[in-house]
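Listed below are the residues making up each chain.
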Amino acid sequence: KFRYIVHAAAAASPAALAQNPKLACEEIALHSQGVERALGWAREQGSVLLYLSDASVYGEARENPIGEDDPAMKASWTRPESALAETRRFAEALLLSHARAFGTEVRIARLFELYGPRMPEEGTVLGRWLRAARRGEDIVVAGKSRPYALCHVEEAADALTRLLRVNFTRPLNVGSPASLPQGEIAEHLAALAGGKSRVVEARAPMGMKDAPVSAAPNVQSAWRALGWQPKRTMEEGLATLFPRASA
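Source: prediction; values computed, not measured. (Residues numbered from 1 in each chain as written. Predicted model: local features only at pLDDT ≥ 70, side-chain atom pairs only at ≥ 80, totals over all residues. Heavy atoms only, no water.)

A word on the confidence of the model for the protein
Step number 1: Looking at the protein as a whole, its pLDDT mean stands at 86, while 87% of the residues score no less than 70.
Step number 2: Throughout residues 206-213 the model reports pLDDT below 50, and contacts reaching past four residues in sequence, or to other chains, amount to 27 contacts. (pLDDT = per-residue confidence, 0-100. Contact = heavy atoms within 4.5 Å.)

Quick word on unusual backbone geometry
Step number 1: Of note, the phi angle at R118 is positive, near 65 degrees, even though the residue is not glycine.
Step number 2: Here R118 lies in the loop between strand 4 (114-115) and helix 5 (125-135).
Step number 3: For R118, a relative accessible area of 80% gives the class exposed. (Helix = DSSP H or I, 4+ residues; strand = E, 2+ residues; numbered from the N terminus. Buried < 20%, exposed > 50% of the residue type's maximum accessible area, 1.4 Å probe, protein only.)

What to know about the side chain of R131
Step number 1: When you line up the elements, R131 lands in helix 5.
Step number 2: Judged by relative accessible area, R131 falls into the buried class, the value being 18%.
Step number 3: When neighbours within four sequence positions are excluded, R131 is seen to be in contact with E121 and E122.

Description of the packing of helix 2 (residues 22-30) against helix 4 (residues 82-102)
Helix packing for two helices is described by the angle between their axes and how far apart those axes are.
Step number 1: At their nearest, the axes of helix 2 and helix 4 sit 9 Å apart, and the two run at 15 degrees to each other. On the basis of the axis angle, helix 2 is roughly parallel to helix 4. Every pair of crossing elements has a handedness; the one defined by helix 2 and helix 4 is right-handed. The segment helix 2 lies against helix 4, with A24, E27 and I28 engaging A83, L84, T87 and R88.
Step number 2: Here the residues of the contact of helix 2 with helix 4 are counted per class, giving four nonpolar, one polar and two charged. (Axes fitted to C-alpha atoms, helices over the stretch in contact; angles between N-to-C directions. Parallel < 35°, antiparallel > 145°, perpendicular 65-115°, else oblique. Left-handed = near helix turned anticlockwise from the far one by under 90°. Nonpolar A, V, L, I, M, F, W, Y, C, P; charged D, E, K, R; others polar.)

In structure tokens form, the structure reads like this:
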């Protein structure tokens, strides 16, 4: 028997969905049929099921920072990236319904923007900046003063491990509550890569959004339930993207 089951599957990023609408069908299946199967296994095994949701459920949230009970959870379901938000909302509702009806032990983590070593250079804003910095090309930001909240993947993994071990059924934000200006983050990336890149302001490429959610997460619930909050500074975290700099 398995003590824990983790549903961490995802088919696409917002940019990929904009470029290939067929991926939305895979995303919907993963977070409907896939979650239902995982729930079945959890009930059979008597396991704790951890589902990795994300900040897309908040849509155009207006609170800053965003709390788990943000009343402005709205998003257009006609846009290509709507599959991300709507499927995760459905999955969360399904998980909580099974918890109430059958006593299934579920955990729901709403992940905000994560980064770390070996992160892909495609599909995320930071990945695009990282690729440009490594190539010595211009790093394009949508606004140098625009806030961007980033949480290192190792700290998020610590939060998820703690969440598995406590009895907490409600959705829980996992991310960095501290936003930094995009220009500052991009300049630091450029410096770590050798200082050859310029940071310039321009509209993001078609299909790319320079922040999935404009606000940082409120992680007070994570602190109360798990005793967790991010501790790495931006300098420490970004250095891990360049092994020599962090050695």
